[in-house]
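Here is how the chains run, residue by residue.
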Amino acid sequence: MAAIIAARCGKAITVVETRPEPGAKIRVSGGGRCNVLPSRVSIDDFHTEGSRHIMRNILMSWPLTDVRAFFEDDLRIPLKDEPSGKVFPISDRSRDVAEALLTALRQSGAVLRSSCRIVRIERRDAGGFRLFSSDGGKLECDRVILASGGLSLPKSGSDGAGLSMAVALGHGRVPTYPALVPLLSNDARWQLLSGVSLRARVKVECDRRTIDEAEGEMLFTHRGFSGPVILNLSRYVTRTRKVALRVHWGGCEVDDWSDALRQGGRATVASAVRRCLPNRLAALLIDHAAVEPSVRLSELRRTERDRLAEVLSRFVLPVNGSEGYATAEVTGGGVPLGEISPRTLESRVVPGLYLCGEIIDVTGRLGGYNFLWAWVTGRKVGRALATAS
Ligand SMILES: Cc1cc2nc3c(=O)[nH]c(=O)nc-3n(C[C@H](O)[C@H](O)[C@H](O)COP(=O)(O)OP(=O)(O)OC[C@H]3O[C@@H](n4cnc5c(N)ncnc54)[C@H](O)[C@@H]3O)c2cc1C
């Protein structure tokens, strides 16, 4: 995006790409469909350790309707809104998005140097930069845009080398962590639920205080927990590990479950819980509460009912880590927002160096927000370069 915008304005741009072609992540995104944008945007859809005010100003600099018009009218990719609030190409093919961007790049006049990995960036005494590639090559330029992504999905070409180069040039680094990532459990009983999914409300607790919560689809995997609600909250686990994820199964509070169990009459514990939850999960939770599943609710002792209601409404997930960068959709942390000019995204530490996309310490939630950040910041850098003397 940065290269297209700057080259269209007549700037001599060279895109250097490790892989045979840029845009590997676009191709695998959204399950091969590319969730190119969200339908709506709010500042609460993003996280940064820096100034939320600056983050908002950057995000709002290219209104969502205009970003959408760029894709539909300029790149000629018809888009559709899905009820989930996500925007996809009508074709449901992520490669259409990647190819449209590559075509626009070629037509812009930018030069693409692919299969070339940059390993070091040096500031020249006379101004400008010297870039060193892994095959021993050198590239001289007046300005550099670091659009090298984060550390997630390293096989796509983004392995954190860009961030290390920014740090080597003098930038700070907000500690990085995998985000939007499935969580692991070493409790074999939970792994047996692999394939089960349901709606759940999950609260993040730190020192017995709720610091965030989300409701949505949760999925059990053969290694632990996934689904949108888990992915969106995973960053708390990967950042601090001192949090507890407390699940309200079926989205219900303790009183809702207590009432349901009290008023169930002749129904058995198993049939009452199964009415609201998938069978295998119901069996596991009843077992966890040490209650006999065949007992009628009317015969349940009060202590048993309270114990079961507690397990059903305030259950701490047995989480012991995440799948890490190998499967994380995005990287949290990165170059601090405060070290970049909000107007041009030029580094305040290294004049002539510009940054955009995931390398910056801004992370969006699931739903097209991370691409939105990449498109908006890419365009901002492209425009800044176009007007730079
Ligand atoms: C599996 C998966 C699915 C996703 N799905 C979605 C989705 O549907 N919607 C959404 O909004 N977000 C999605 N994301 C997140 C989104 O892909 C990223 O946030 C976005 O691609 C970041 O863009 P970027 O340009 O900053 O970095 P990247 O897309 O990572 O691009 C960086 C580029 O720089 C190149 N590079 C890196 N280092 C070097 C080097 N040293 N020398 C030369 N080249 C280098 C890389 O090869 C790569 O081409 C997904 C991510 C993953 C992993």
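## Section: the environment of Ser313
Logical step 1: Among the secondary structure elements, Ser313 is positioned in helix H12 (residues 302-313).
Logical step 2: Considering only alpha carbons, one finds Ser313 and Phe220, 93 residues apart in sequence, at a separation of 18 Å.

## A short note on the domain arrangement of the chain
Logical step 1: According to the domain assignment, the chain consists of domain 1 (2-174 + 335-387) and domain 2 (183-316).
Logical step 2: Its C-alpha centre places domain 1 at a distance of 40 Å from the equivalent point of domain 2.
Logical step 3: Opposite the four residues of domain 1 that make contact, domain 2 presents five residues.
Logical step 4: Around 390 Å² of area is buried between domain 1 and domain 2 when both sides are counted, 54% of it from carbon and sulfur atoms.
Logical step 5: Summed over the shared surface of domain 1 and domain 2, the number is one salt bridge.
Logical step 6: Our enumeration of links across domain 1 and domain 2 arrives at three residue pairs in polar contact (both at pLDDT 80 or more).
Logical step 7: Residue classes in the side of domain 1 that touches domain 2 are distributed as one nonpolar, one polar and two charged.

## Brief notes about helix H2 (residues 24-32)
Logical step 1: Within H2, the full set of buried residues consists of Ala24, Lys25, Ile26 and Ser29.
Logical step 2: A positive backbone phi angle near 60° is found at Cys34, which sits one or two residues after H2.

## Quick notes on the packing of aromatic side chains
Logical step 1: If you walk through the whole model with that rule in mind, you get twelve aromatic pairs.
Logical step 2: Here the aromatic rings of Trp190 and Trp249 are separated by 6.1 Å at their centres, their planes lie at 15°, and the arrangement is stacked. Remark: Trp249 occurs in strand E16 (residues 244-249) and Trp190 occurs in helix H7 (residues 188-191); sequence separation between them is 59 residues. Comparing Trp190 with Trp249 shows no difference in burial state: the two are buried.
Logical step 3: Look at Phe371 and Trp375: their rings are 5.2 Å apart centre to centre, the planes differ by 15°, and that puts the pair in the stacked class. Of this pair, Phe371 and Trp375 both sit in helix H13 (residues 369-387), four residues apart, which is roughly one turn of that helix. The pair formed by Phe371 and Trp375 is uniform in burial state, with each residue classed as buried.
Logical step 4: Taken together, the ring pairs connect Trp62, Phe70, Phe71, Phe371 and Trp375 into an aromatic cluster.
Logical step 5: Across the ring face of Phe88, the terminal group of Arg33 is positioned such that the distance to the ring centre comes to 3.8 Å.

## Focus: the pairing of strand E13 (residues 197-206)
Within a regular strand, the side chains alternate between the two sheet faces.
Logical step 1: With respect to burial, E13 is a largely interior element, seven of its ten residues being buried.
Logical step 2: As judged from the ten bridges shared by E13 and strand E14 (residues 209-220), these two strands associate in the antiparallel manner. Looking at E14, one finds that Arg199 is bridged to Glu217.
Logical step 3: Counting the residues between successive antiparallel strands, the hairpin from E13 to E14 contains two residues, one of them, Asp207, with a positive phi of roughly 50°.
Logical step 4: Sheet topology note: the E13/E16 ladder contains six bridges and is antiparallel. The residue bridging Glu205 from the neighbouring strand is Ala244, located in E16.

Cut-offs and rules
Residues numbered from 1 in each chain as written. Predicted model: local features only at pLDDT ≥ 70, side-chain atom pairs only at ≥ 80, totals over all residues. Heavy atoms only, no water. Helix = DSSP H or I, 4+ residues; strand = E, 2+ residues; numbered from the N terminus. Domains from an automatic or database assignment. Contact = heavy atoms within 4.5 Å. Buried area = accessible area lost by both parts, 1.4 Å probe. Salt bridge = Lys/Arg side-chain N within 4 Å of Asp/Glu carboxyl O. Polar contact = N/O pair within 3.5 Å; in protein donor to acceptor, adjacent residues only side chain to side chain. Nonpolar A, V, L, I, M, F, W, Y, C, P; charged D, E, K, R; others polar. Buried < 20%, exposed > 50% of the residue type's maximum accessible area, 1.4 Å probe, protein only. Phe/Tyr/Trp six-rings, centres within 6.5 Å; stacked < 30°, edge-to-face > 60°. Lys NZ or Arg CZ within 6 Å of the ring centre and 35° of its normal. Pairing = 2+ DSSP bridges.

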